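Residue strings, one per chain:
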Amino acid sequence: MRALNIKLLRNLWTLKGQGVAIAAVIAAGVAMYVMSLTALESLRLSQRSVYQNQHFAQVFANLKRAPEALGERLRDIPGIAILETRVQAPLNIQMPDFDEPITGLAISIPDASQPQLNRLFLRQGQLPDEYRDDEILVSEAFAEAHALKPGDHLAVVINGRYQALQVSGVALSPEYIYQIRPGDMFPDFSRYAIVWMNRTALEAAFGMDGAFNNVVLTLSPGFSHATVISHLDQLLEPWGGLGAYEREDQMSHRYLEQELQQIAVMARFLPLIFIGVAAFLLNVVTARLVRTQREQIAVLKAFGYNSVMVAGHYLAFTLSIVVVGAVVGILLGTWLASGLAGIYQDFFRFPWLEFRLRPAVVITAVLIAGGAAIAGTLSAVYRAFRLPPAEAMRPEPPAHYRRTVIERLGVHWMSQPTRMILRNLERQPLKAGFSVVGIGLAVAMMMLTGFQRGSIAFMLDVQFRLAQKQDVTVTFSEPAASRAIYEFLAMPGVTYAEGFRAAPAILRYGHREYRSAVQGYMPNSQLFNVLDAQLQPVTIPQEGILLTDHLAHILGVKPGDRLQVKIQEGRRPLLDIPVTGLVTEFVGVGAYMSKASLTRLLGESDTLSGVFLAVDTESLPALNRRLDEVPRVAGVTLRENTIRAFSRMMAETILVFMIFSMVMAGSIAFAVVYNTARIAFAERGRELASLRVLGFTRAEIAFILLGELLLLTLLAMPVGFVLGAGLCWLLTWGMQTDLYRVPLILTPATYAMAAAVVLTATLLSALTIGRSLMKLDMVSALKAAE
Amino acid sequence: MNDMTAPVFRTRNLTRIFRMGEVEIQALRGVDLELYAGEFVVLLGASGSGKSTLLNILGGLDAASSGEVWYRGKDLSHADEKTLTEFRRYHVGFVFQFYNLIPSLTARENVAIVTEIARDPMAPADALRLVGLEARMDHFPAQLSGGEQQRVAIARAIAKRPEVLLCDEPTGALDSKTGIKVLEVLCNINRELGTTTAVITHNAVIADIANRTIRISDGRVSEVIHNPHPVAPDTLHW
């Protein structure tokens, strides 16, 4: 077998160009697969490990105020493993050089020690000193946004009182892996802070001496959330309990879960397509490669090699290419995965990141790629082996051709080279079909990785130009009387103001429920539109409730059904409201009513939860300073900031992933086209050389070969567009979350971009093949076919 | 044979060395020869004698290592790629041992592919009529016998009305009966169109139909035999 091994090495060397291209396809497919699944796995592992090690609570409850003594009674509830009472206080921070309002939340920790639940991970510095009431820990995301370090001072307003506090350390909590202000759609690290203070200090600052307003707990094994929560709610009710909720409804956890699910869709879906395309190509290419060795196989057979030895030889040939591709792919994928996980970590604030390359992932990737190569090789070897050696050694008889459909239909004006191209394609429709599908898949992959940019732009446009037109949203810490609006109208730069009423609520239909809020808006709001499926403004009805279509889907409710709405504030009425219609929203989910109807159902006179403002841009800094001084303002959201935060989130999560994918898709596109061209060249070299002898110029024979390639590419475009549109639809469908739903918007730019990349790949392949055409050996054409 | 004084081809001290790695193979070792307008020449030689190399150089497919090739007063030995392509396109017709037809084109179209790029060609149908294939014009190569395929190749070579027809073992892949039919076609073309014809063969019998036989051995012209009375191909046997 030694001679055969040498032949193997020489074959590999001769076909190195194609070998490299095939290996690149495998590498790209395997890398995508390994990268996506490993990055996802790494985030999942980190989540699990952080939750476990930092003792992330399982049930959470907020209340107005209860004496610490109640804590003991709560601990007696059966099924509770650990329960901690805490004080939480909203706060405002003033930073020099930062004009915009910063809000945040102060959370108590036992004096100078770690809490039992939601333990903090100290990135820098230390816990606040036991005997100092002015030391705090700040969340890492906020610290990074403002370059804070231990020892720095902060001007903080808690409970309307200014305090100068000192940063003792920078910390991370399992409770705020996804650090987002309640009511916001996207994290904004520079405008929302989490700080931790000694319990004694925070009690004093917030006027909560000997009391608590927040409870976290874990359950003993075997106890259900529901019973513990109902017990807890009963005991907290007299103290202004706002309804306990389980981890599934904890904001950071819920958002993290949704993001991870979304990444999971991408991480499972895209790599499967990538590796599927790679496998498909590998099958086609190896089969053709082996077919060009037909005579050699016959010779080996004539010498007495049996089919197993020959098959083994060619398997070794393709598998060595697979191994090179797979090793490169695994290394590349692992490297990219750690990079990707690192980028996500910017966003999901894990104290640490677990990173593990799972053998199963690697093995699956290699098996898919290797299996496809083996199947392609074996089928070709089998076909070559069926021929009697004498026949296989003879030059192949002229292939059978016939006039093409177009010619039979009466088109006769074509030149002979054009006829050659068309007949060649038509004679082997399956082969041409494979090439078209292969190139089409490359087009589809490019679309799949490229369309999100346009879709996201569209989504932003709809959300912030058509739906939410207010420049500033101000939310109050307590509902206020509607005359408060005049105060805002008088503020600098405010051109228009409109009040709204929002109440946290559990929406329930049948056994399904969703924790959200009911928004009460002016029926003819100038600043906030709800849109129908055609993106036309919908008038909010006087009675009844409108639901985001996605929310209606979650609840399984349709217009005409009656929705149970359990309001989670004030007297907490249980309402029964008819669903009057559905509205389309790409970002968030909502339930909308007319403000008048909502306040009436709440049993209030005319109240506001906040105001929408239209503002002159130049006056924003002055307005911000003014808003800072209004005590009842709990939060100020600037539209521009939301857009920026959203863009940042998209850029860091989806788009980074997409750019990686795009590079991979581009290289696969090139490899597909290059291999198609290379094989066509190998199959047609003799014919082209003959034409050169007959006096054809290089440009003329290039037309025959590259014309075919170009025609295949052009045929592949519509195929790719259809495949691509389908895949994009699947992806957007799979990626729907409560947070946002990327609409399927395929802009001409998306199609053009995909087409341009694949055409460029065709051009590059044509140039490479062109070089071989230059060196085409005419004399070889005169000799016997090899 | 009309004008013996102005050769169509003239070579002087033509050599060709192939370098295969570290081995040098001298295929031609100084060939001097002339081909005259309208004559039918057989280049006779054993395999490896260098006759194919000589034909390739004459046809502009290969360049000599040293020496000169002149075609009608044009120096081919120093011609660039463009000149050589034009030379092949307008002046030379090739017939190959293995026909080298384009399988995707019919007989007529295989001829047309050359006439489309030629100056003043004959109609493909006329060329095919000359080789006796008027009935098979719309057949694809796969539907033709070897002899028929070779006749299509000849029709393709002559359709552009070349001055020279270069044939490399045109009967090499054919049985003797079919081979003779192909030779008849070549003789007819030579006689009716006056095309200078050079046929390479290792089959000495074929020399009898030529005006001149140039014997090549070991990279040189070893003998030139004038044949004042060429015989008709149908009298040959091998």
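Just above, that's the structure.
These notes cover the structure that comes with them. (Residues numbered from 1 in each chain as written. Chains lettered and ligands numbered in written order. Predicted model: local features only at pLDDT ≥ 70, side-chain atom pairs only at ≥ 80, totals over all residues.)

Considering the overall build of chain A
To be explicit about the condition: Each helix is a run of DSSP H or I of at least 4 residues and each strand a run of E of at least 2, with the numbering of both proceeding from the N terminus. Working definition of burial: number of other C-beta atoms within 10 Å of the residue's own, with buried at 20 or more, exposed at 12 or fewer, and partly exposed in between, all C-beta atoms being placed from the backbone. Contact between two residues is assigned whenever their backbone-derived C-beta positions fall within 7 Å.
When helices and strands are tallied, chain A shows 22 helices and 22 strands. Taking the principal axes of the C-alpha coordinates as reference, chain A spans close to 100 × 55 × 50 Å. Every one of the 786 residues in chain A was classed for burial, and the buried ones make up 46%. Excluding contacts between residues fewer than 6 apart, the proportion of contacts in chain A whose partners are at least 24 apart in sequence is 84%.

A look at the overall build of chain B
Here is the rule: Just to be clear, the radius of gyration here is over C-alpha atoms, and the globule rule we use is 2.2 Å times residues to the power 0.38.
Helix and strand content of chain B: six helices and 10 strands. For 238 residues, the compact-globule estimate of 2.2 N^0.38 gives 18 Å, and chain B sits close to it at 17 Å. Dimensions of chain B along its principal axes, counting C-alpha atoms only, are 50 × 40 × 40 Å. Within chain B, the fraction of its 238 residues that count as buried is 51%. Contacts in chain B between residues far apart in sequence, at least 24 positions, make up 70% of those at least 6 positions apart.

A look at helix H13 (residues 416–427) of chain A
The following threshold applies: By this rule, a helix spans an expected 1.5 Å times one less than how many residues it contains.
With 12 residues, H13(A) ought to run about 16 Å at 1.5 Å a step, and its terminal C-alpha atoms sit 16 Å apart, in line with that. Within H13(A), nine of the 12 residues are buried, leaving the element largely enclosed by the surrounding structure. Considered for burial, the residues of H13(A) that qualify are Gln416(A), Pro417(A), Arg419(A), Met420(A), Ile421(A), Leu422(A), Arg423(A), Asn424(A) and Leu425(A). Tucked into the core, H13(A) has its buried residues touching helix H12 (405–408), helix H14 (429–467) and helix H20 (698–734) of chain A together with helix H3 (107–115) of chain B.

Focus on the interface of chain A and chain B
Every contact between the two is made by 26 residues of chain A and, on the other side, 26 residues of chain B. Of all the elements in the fold, those that place two or more residues in the side of chain A that touches chain B are H13, helix H19 (639–693) and helix H22 (778–782) of chain A. A total of six residues in the side of chain A that touches chain B trace back to one element, the largest contributor, which is H13(A).

Observations regarding the packing of H20(A) against helix H21 (residues 748–774) of chain A
Residue and element names in this part refer to chain A. Operational definition: Between the N-to-C directions of two axes lies an angle of 0 to 180 degrees, each axis being a line fitted to C-alpha atoms and, for a helix, fitted only over the stretch in contact. Angular relationships are summarised with four words: roughly parallel below 35 degrees, roughly antiparallel beyond 145, roughly perpendicular across 65 to 115, and oblique for the angles in between. Crossing handedness is defined as follows: a turn of the near helix away from the far one that is anticlockwise and smaller than a right angle gives a left-handed crossing, while the clockwise case is right-handed. Here the term charged refers only to Asp, Glu, Lys and Arg, the term nonpolar to Ala, Val, Leu, Ile, Met, Phe, Trp, Tyr, Cys and Pro, and the term polar to all other amino acids, Gly among them.
Packing of H20 against H21 brings their axes to within 10 Å, and their N-to-C directions diverge by 155 degrees. Put simply, H20 runs roughly antiparallel to H21. Crossing handedness for the pair H20 and H21: right-handed. Note on element contacts: H21 touches H20 through Tyr751, Ala754, Ala755, Val758, Leu759, Thr762, Ala766, Ile769, Gly770, Leu773 and Met774, opposite Arg698, Ile701, Ala702, Leu705, Leu706, Leu709, Leu710, Thr713, Met717, Gly720, Phe721 and Gly724. Among the residues making up the contact of H20 with H21, the classes are represented as 17 nonpolar, five polar and one charged.

As for the sheet that holds strand E8 (residues 196–201) of chain B
Residues and elements named next belong to chain B. Applicable threshold: Two strands are said to pair when DSSP picks up at least two bridges between them.
Taken together, the six strands give an open sheet; going across it, the order is E6-E7-E8-E3-E9-E10, and neighbouring strands pair in mixed fashion. The strands lining the two open edges of the sheet, one partner per strand, are strand E6 (92–95) and strand E10 (220–226). Recorded for the sheet is a direction-independent mean angle of 20 degrees between the axes of neighbouring strands. Looking at chain direction, strand E3 (residues 40–44) and E8 are connected through five bridges and run parallel. When the sheet's bridge partners are listed, valine 41 is paired in E8 with alanine 198. In the packing of helix H5 (residues 146–158) onto the sheet, the strands contacted are E6 and strand E7 (164–168), and the crossing angle to E6 comes to about 170 degrees.

Observations concerning the packing of helix H2 (residues 16–53) of chain A against helix H9 (residues 307–345) of chain A
All names here are of chain A. Running from N to C, H2 and H9 cross one another at 35 degrees; their axes reach a closest spacing of 6 Å. Of the two possible hands of crossing, H2 and H9 adopt the one that is right-handed. Residues that form the contact of H2 with H9 fall into these classes: 25 nonpolar, eight polar and no charged.

What about the sheet that holds strand E2 (residues 23–36) of chain B?
All names here are of chain B. Ordered by their spatial adjacency, four strands build an open sheet running E2-E1-E4-E5, and the pairing between neighbours is antiparallel. Looking at which strands have only one partner, the edges of the open sheet turn out to be E2 and strand E5 (74–75). Pairing analysis gives two bridges linking strand E4 (residues 66–71) to E5, with the strands arranged antiparallel. Within E5, the residue paired with tyrosine 71 across the bridge is lysine 74.

Examining the environment of Trp196(A)
All names here are of chain A. Secondary-structure assignment places tryptophan 196 in strand E9 (residues 192–198). Separated by 21 residues in sequence, tryptophan 196 and leucine 217 place their C-alpha atoms 18 Å apart. If we ignore the near neighbours within four places in the chain, the residues touching tryptophan 196 are Ile107, Ile109, Leu120, Ile136, Leu137 and Ala171.

Some words on the pairing of E6(B)
All names here are of chain B. The alternating pattern of E6 places Val92 and Phe94 on one face and Gly93 and Val95 on the opposite face, and all of these are buried. Where E6 lies against E7, four bridges are found, and the strand directions are parallel. Looking at E7, one finds that glycine 93 is bridged to leucine 165.

Quick notes on unusual backbone geometry
Residue and element names in this part refer to chain A. Of note in this structure, alanine 112 is not a glycine but carries a positive phi near 55 degrees. Tracing the backbone through its elements, the reader meets alanine 112 in the loop between strand E4 (98–109) and strand E5 (121–125). With a phi close to 50 degrees, asparagine 118 is a non-glycine residue in the positive phi region.

A closer look at the environment of Leu422(A)
All names here are of chain A. Structurally, the position occupied by leucine 422 is in helix H13. For leucine 422, a count of 21 C-beta atoms within 10 Å corresponds to the buried category. With residues up to four places along the chain from it excluded, the contact list for leucine 422 reads Thr404 and Ile406.

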